[in-house]
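# Overview (structure and organization)
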Amino acid sequence: MKFHLTPGVLAFGLATLIPAAAQNEAPAEKPAEAPAAPAAPIDPAKVKTQSSYGLGFRAGGEFGQQYGQFGITPGDIETESFVKGFMAAFKGDKPEVSEADLQGAMQALGELLQTREKEGAEKNLEAGKKFLEENGKREGVITTKSGLQYEVLAKGGEEKYVAPKEGEPEKQFMVNYKGTLIDGTEFDASPEGSPVPMGMQVIEGFKEALTTMPVGSKWKLFIPSAMAYGDQRRSAEIAPNSVLIFELELVKIQDAPQNPHGGLPFPMPGQGE
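Residues numbered from 1 in each chain as written. Predicted model: local features only at pLDDT ≥ 70, side-chain atom pairs only at ≥ 80, totals over all residues. Heavy atoms only, no water.

Just so we agree on the cut-off: UniProt positions are given in the numbering used here, feature names are shortened, and annotations may be inferred rather than shown by experiment.
Looking at an unreviewed UniProt entry, one finds the protein chain named Peptidyl-prolyl cis-trans isomerase and attributed to Luteolibacter flavescens. Quoted verbatim from the Catalytic activity (unreviewed entry) field of the UniProt record, the comment on the protein chain reads "[protein]-peptidylproline (omega=180) = [protein]-peptidylproline (omega=0)". Under the heading Sequence similarities (unreviewed entry), UniProt records this for the protein chain: "Belongs to the FKBP-type PPIase family."

### Details of the packing of aromatic side chains
Defined as follows: When the centres of two rings from Phe, Tyr and Trp lie within 6.5 Å, Trp using its six-membered ring, the rings pair. Their planes under 30 degrees apart give stacked, over 60 give edge-to-face, and anything left gives tilted. Counting from the N terminus, the helices are the DSSP runs of H or I reaching at least four residues and the strands are the DSSP runs of E reaching at least two. When accessible area is computed with a 1.4 Å probe and restricted to protein chains, residues below 20% of their type maximum are described as buried, those above 50% as exposed, and intermediate ones as partly exposed.
Inspection of the entire model under this criterion finds 12 aromatic pairs. On the numbers, 3.9 Å between centres and 10 degrees between planes, the contact of Y150 with W219 is stacked. Of this pair, Y150 sits in strand β2 (residues 149–154) while W219 sits in strand β6 (residues 218–223); the two residues are 69 residues apart in sequence, bridging distant segments of the chain. Here Y150 and W219 have matching classes, each one buried. Taking 6.0 Å as the distance between ring centres and 85 degrees as the angle between the ring planes, the aromatic pair formed by Y177 and F206 counts as edge-to-face.

### Focus on the side chain of T180
Formally: By the convention used here, residues are in contact when the closest approach between their heavy atoms is within 4.5 Å.
Relative to the helices and strands, T180 is located in strand β3 (residues 171–181). A relative accessible area of 15% places T180 in the buried class. Other than its neighbours up to four places away in sequence, T180 contacts T185, E186, F187, V243, L244 and I245.

### What about the pairing of strand β7 (residues 244–255)?
This is how the line gets drawn: A pair of strands is treated as paired once DSSP finds two or more bridges between them.
In the sheet, β3 pairs with β7 via 11 bridges, with the strands oriented antiparallel. If you follow V175 over to β7, its bridge partner there is L250. By the bridge criterion, six bridges tie β6 to β7 in an arrangement that is antiparallel. Paired with K218 across the strands is E249, a residue of β7.

### Digging into the confidence of the model for the protein chain
Just so we agree on the cut-off: A residue's pLDDT is the confidence the predictor assigns to it, expressed on a 0 to 100 scale.
A residue-level look at the protein chain finds 80% of positions with pLDDT of 70 or above and a mean pLDDT of 84. Confidence over residues 1–31 falls short of pLDDT 50; this stretch has 62 contacts with residues more than four positions distant or in other chains. Across residues 260–267, where pLDDT falls below 50, the model places 12 contacts with residues more than four positions away in sequence or in other chains.

### Describing the pattern of salt bridges
The cut-off we apply is this: Salt bridges are defined as contacts in which a side-chain nitrogen from Lys or Arg sits within 4 Å of a carboxyl oxygen from Asp or Glu.
What the rule picks out here adds up to seven salt bridges. One salt bridge connects K218 with E247, and the closest N-O pair in it is separated by 3.9 Å. Note that K218 is positioned in strand β6 and E247 in strand β7, a separation of 29 residues in sequence. Overall, the relative accessible area of 29% leaves K218 in the partly exposed class.

### Structural notes on helix α5 (residues 99–135)
Going by this rule: To estimate the expected span of a helix, count its residues, drop one, and scale the result by 1.5 Å.
Taking 1.5 Å per residue as the helical rise, α5 with its 37 residues ought to reach 54 Å, and the 51 Å between its terminal C-alpha atoms agrees with that figure. The set of residues buried in α5 consists of G110, L113, E117, A121, G128, L132 and N135.

### Some remarks on the pairing of β2
Summarising the sheet, strand β1 (residues 141–143) and β2 pair through three bridges and their orientation is antiparallel. Paired with V141 across the bridge in β2 is E151. Adjacent in sequence and paired antiparallel, β1 and β2 are bridged by five residues, among which G147 carries a positive phi angle near 105 degrees. In terms of strand pairing, β2 meets β6 through five bridges, oriented antiparallel. Residue pairing across strands places Y150 opposite L221, the latter belonging to β6.

### A short note on the environment of Q258
With respect to the secondary-structure elements, Q258 resides in the segment after β7. Residue classification places Q258 among the exposed residues on the basis of a relative accessible area of 71%.

### Considerations on helix α4 (residues 79–91)
Note on helix geometry: an α-helix contains 3.6 residues per turn, so any two residues three or four positions apart are oriented the same way. Helix length check: α4, at 13 residues, gives a terminal C-alpha distance of 18 Å against a target of 18 Å (1.5 Å per residue), a fit within 8%. Immediately beyond the C-terminal end of α4, within one or two residues, lies G92, with a positive phi of roughly 85 degrees.

### Points about the nonpolar core
Threshold: Among buried residues, the Ala, Val, Leu, Ile, Met, Phe, Trp, Tyr and Cys ones that are joined through side-chain atoms within 4.5 Å form a nonpolar core.
Residues V175, F206, L221, I223, L244, F246 and L248 are the most contacted members of the largest nonpolar core, which totals 29 residues. If you list the elements that add at least two residues to this core, you get β3, β5 (196–198), α6 (204–210), β6 and β7. Here this core gets five residues from one element, more than from any other, and that element is β7. Those residues in contact with I223 that lie beyond four places of it in its chain are L148, I203, G205, F206, A228, S242, V243, L244 and F246. If you look at the next biggest cluster of nonpolar residues, it comprises five residues, including Y67, F70, I72 and L113.

This is the structure in structure tokens:
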């Protein structure tokens, strides 16, 4: 999903902060994790302290996912005021700041973020261009006509994607992957040892690789921003004009199942936000 950050969008998003952060559900986009070990006995005197920390930790994670996509960072938050506002809303108290002042502050924050995003996008575009120019000179790195770069880590076999004929089912690709930025920051990965299905509803760089690489092969992809999410922020980690690096292993190509509910039955790389 792509979106444009505007002060109005930001104000609306921040207005829903407390209800969103207070939900006691795990983030929907995270890969499935192994069952947790049985909880160890805890000192009754520590229950309130540790459970409060746990609730705050979960709320913080959900806040980061929901508002990181607008470019909000921990440095934008004044901790004391944030906690004060959070607890006031949690207890059902009236805000100490007028609605007009709150709206004005949200508007100003939105404008600040827009300016910062624009400046960051220009820097990322230049940094990405420089990175790809240098990376393309390395031995073993192949640059395609589209600008996608890849390095073969494992050759695989002979089987490759063949576009289905009319009336035939679409294909899905069973893959293992890990995504990082050019500075090494990891932003997404498939569960270890559990290939995930992907279809054609993925970023252009992924689509080109999946339809080109042999089954059993493993490539390291260097995806220009224009073949990823362009000038739009995707998540807290994936800023505008980010070059994305993926280690991608194609395990199998098979017929895609029908999706009875409509929509996309496949995850998008980089969607673990």
